[in-house]
Amino acid sequence: MSGAASQASSRLAWLAPLLISILGASILGSYSQGTTDNVLYSKGKELYDTYIQRPFLGRIQAPLQTHCYDSIKTLDAENPHARCFTVSGHRFDRILPDLEANEIIGHRESYENDTNVHFHEGHVIPGLWDGHGHLLQYGEFLHSVNIFGAKTPSELRERVREYLRTNPESGDKDNWIRGVGWDQNILGHMPTAEDLADPVLEGLYVMIDRVDVHCTLVSKAILDLLPDEFPDIPGGEVVREPGMGVFCDNAMDMVYDLWPQPNEARKTEFVKSAMKDLNRFGIVGVHDAGVNSAGLDLFKKLTKTPDWTVRVYAMAECTAGHNHFCADEVSKVSFQETGDLLAVQSIKLFADGALGSWGSAMIEPYSDRPDASGSLLASASALTDISKSWAKAGYQVSIHAIGDLANRVAIDALEEALKVACPDQPTAECQKTRRFRIEHAQVIHPDDQQRMHSIGIIPSIQPTHATSDMAYAEKRLGRKRTAESAYRMRSVLGLNPVLGSDFPVEPPDPFRGIYAATTRKSPNTGKNADGGEGKGWHDGEALTLEEALLGFTRAPAAAAVGGGLEAGVIKGGGLADWVVLDRSLGEYDAEDLRSMRVEETWVGGRAAYRRGGL
Ligand SMILES: *[C@@H]1O[C@H](CO)[C@@H](O)[C@H](O)[C@H]1NC(C)=O
Ligand SMILES: [Zn+2]
């Protein structure tokens, strides 16, 4: 009803702008002053939730807001461009037809007293989603030592010392210095605890994850807490050459078991910092690829605070570790229950480790290490059994798989799980509602790509992983395997791939992902795998700008299950999330995408970020 009033104000404005704008202003004025509560309550629980219960939305506001921009790219095929839309609560109400929008814009001065009509500069695209990231870890990363790009052990140590200067209280037994980002390919050798030895750092507890967070490097103080002898750990590696200090995959658990976990207050800071930072890049939603029940409880609590400015679709993980069944420990949450701020409908399982540390499970040995073919983190039959249990419990199953053996085993497991999920349906039909997915889907044998297509399994891809790995991937995999199987994007386009960054593994900026996907060149350097300016790396797999944008908007929304998530598109009834750019997206050069700046990010009809400050 209140919506109709403001709708009428803009509809009638089209017929008789001046008269109605005066009338409209007074009608709306009376709404915001006196009758708001009655009107809202009469619309029932949904509006109650939207306006009153959700502190995120701030004070009670007049129900319908009209926003006009220089241009709006909606990603709605039926109505791709617009100038103005209206917002009701946290959803879009209507995308105004051109005639109506032009009338409003043409009589802009007559709206000067109408607090419900807003004229802005800039060009709008739908709010961006990251299809695979790690919120708590990203927050932790923002509060830890950044080792990305460190070229020598002394640079590594200098970054730790610098962190210590601003965080002098850290590094003791109860508050380890944490960091992420080393890469033996950039350092020139596999690091050891010795590389953290330095008079300033003497005796400090330092634990730094590899760039892909599949290995961690620890200082001597932490090594001293561990036993002298390590057994072989299935699915893990204790690196012994050139010295001790690095633990990979399942072997990392030994170190993590000793690590003093951050308390809830600190984790709250992590989430807050992460969301604030993500908004800066135009991100309005993320698929969090692995949150344990303590994390999920914290998330549920934080959705009720004004700092929760990113929608989260969380994949649960068991406290006991990867590849368990713990349906009694996690509980499902739908977007409807949380005002579209949090959903838990998915479980994250792991088939293998990372390519950089030769951990991913390959059908044939690595081309640069014929003695090694990586390892599965769970046997094929165990992974299938766990997947079936979760499918039966009603969860979406999401399996981390990098190597071609891991992807094969993951597809087997998902196929069997779909049979359990819908015993009376063909798997491809079942998959349409269950939306099982493979995280990373990095190296997939051509036969298995075929199987993914016939079942419809969703690949969740990080375009910047391709460009970060391209320097060594061909060495690891060989020419043929790389050309046929690795880092597919265009080949799997029919499966509506979900794109993301895997933050903090890569920076979260979706425009860097769009650059990598469209050019197959590094967003860091603008160069291809040979360090040249020419053709991108296996650029037959490149996406168009539009396709890449869909991967960061509509595709993640479509890959979420549990219903109710109309996101990544500007259309009536969809979540009112949008991003404002200086120019319309198509007007930027490809190279501009490497360092894009977002002007504004709006979440649920409310500005969550403005470059000049809120
Ligand atoms: C807006 O309000 C001011 C001050 O009350 C008034 O002078 C002006 O005419 C109003 N403008 C419109 C378009 O109604
Ligand atoms: Zn991840």
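In this text, all values refer to a predicted model and were calculated from it rather than measured experimentally.

Draft legend 1. Looking closely at the sheet that holds strand S17 (residues 437-440). The sheet built from eight strands is open, its strands ordered S6-S13-S14-S15-S16-S17-S18-S19 with parallel pairing. In this open sheet, the two strands that pair with only one neighbour each are strand S6 (128-133) and strand S19 (498-499).

Draft legend 2. Just the site of ligand 1, in detail. Taken together, Glu 109, Ser 110, Glu 112 and Asn 113 make up the full set of residues adjacent to ligand 1. Contact distances for ligand 1 include 2.3 Å between an oxygen atom and a side-chain N or O atom of Asn 113. For ligand 1, whose accessible area on its own is 360 Å², the fraction buried by protein is 36%. Class assignment of the residues belonging to the shell around ligand 1 gives a composition of no nonpolar, two polar and two charged.

Draft legend 3. Examining the pairing of strand S21 (residues 600-603) more closely. Residues Glu 600 and Trp 602 point to one face of S21 and Thr 601 and Val 603 to the other, with burial holding for every one of them. One ladder, built from three bridges, connects strand S20 (residues 578-581) with S21; its direction is antiparallel. Looking at the pairing, Trp 578 lines up with Trp 602 of S21. Bridge count for S21 against strand S22 (residues 606-610) is four bridges, and the pairing is antiparallel.

Draft legend 4. Seen up close, the packing of aromatic side chains. This model, assessed by the stated rule, comprises 18 aromatic pairs. Ring geometry for Phe 230 and Phe 247: centres 5.6 Å apart, planes at 75 degrees, overall edge-to-face. Within this pair, whereas Phe 230 is found in the loop between helix H8 (220-223) and strand S11 (236-239), its partner Phe 247 is found in strand S12 (residues 246-249), the two being separated by 17 residues in sequence. Each member of the pair, Phe 230 as well as Phe 247, carries the same accessibility label: buried.

Draft legend 5. Quick look at the coordination of the zinc ion (ligand 2). Note on the zinc ion (ligand 2): its protein donors are His 132 (NE2), His 134 (NE2) and Asp 502 (OD). The metal-donor distances range over 2.1 to 2.2 Å. Every donor residue of the zinc ion (ligand 2) comes from the same chain, spaced as H-x1-H-x367-D. Taken as a pair, His 132 in strand S6 and Asp 502 in the loop between S19 and helix H18 (510-519) lie far apart in primary sequence, 370 residues in all. Here His 132 and Asp 502 have matching classes, each one buried.

Draft legend 6. Layout of the environment of Asn 116. Tracing the sequence through the fold places Asn 116 in the loop between helix H4 (98-106) and strand S4 (117-119). Under the relative-accessibility criterion, Asn 116 is labelled buried at 3%. For the pair Asn 116 and His 67, spaced 49 residues apart in sequence, the C-alpha to C-alpha distance is 8.4 Å. Reaching out from Asn 116, the side chain makes a polar contact with the side chain of Gln 65 at a distance of 3.0 Å.

The rules behind each value
Residues numbered from 1 in each chain as written. Chains lettered and ligands numbered in written order. Predicted model: local features only at pLDDT ≥ 70, side-chain atom pairs only at ≥ 80, totals over all residues. Heavy atoms only, no water. Pairing = 2+ DSSP bridges. Helix = DSSP H or I, 4+ residues; strand = E, 2+ residues; numbered from the N terminus. Near = heavy atom within 4 Å. Polar contact = N/O pair within 3.5 Å; in protein donor to acceptor, adjacent residues only side chain to side chain. Areas by Shrake-Rupley, 256 points an atom, 1.4 Å probe, with all protein chains shown as cover. Nonpolar A, V, L, I, M, F, W, Y, C, P; charged D, E, K, R; others polar. Buried < 20%, exposed > 50% of the residue type's maximum accessible area, 1.4 Å probe, protein only. Phe/Tyr/Trp six-rings, centres within 6.5 Å; stacked < 30°, edge-to-face > 60°. Donors = N, O, S within 2.8 Å, 3.2 Å for Na, K, Ca; no water.

Distances and angles like these do not, on their own, reveal function.
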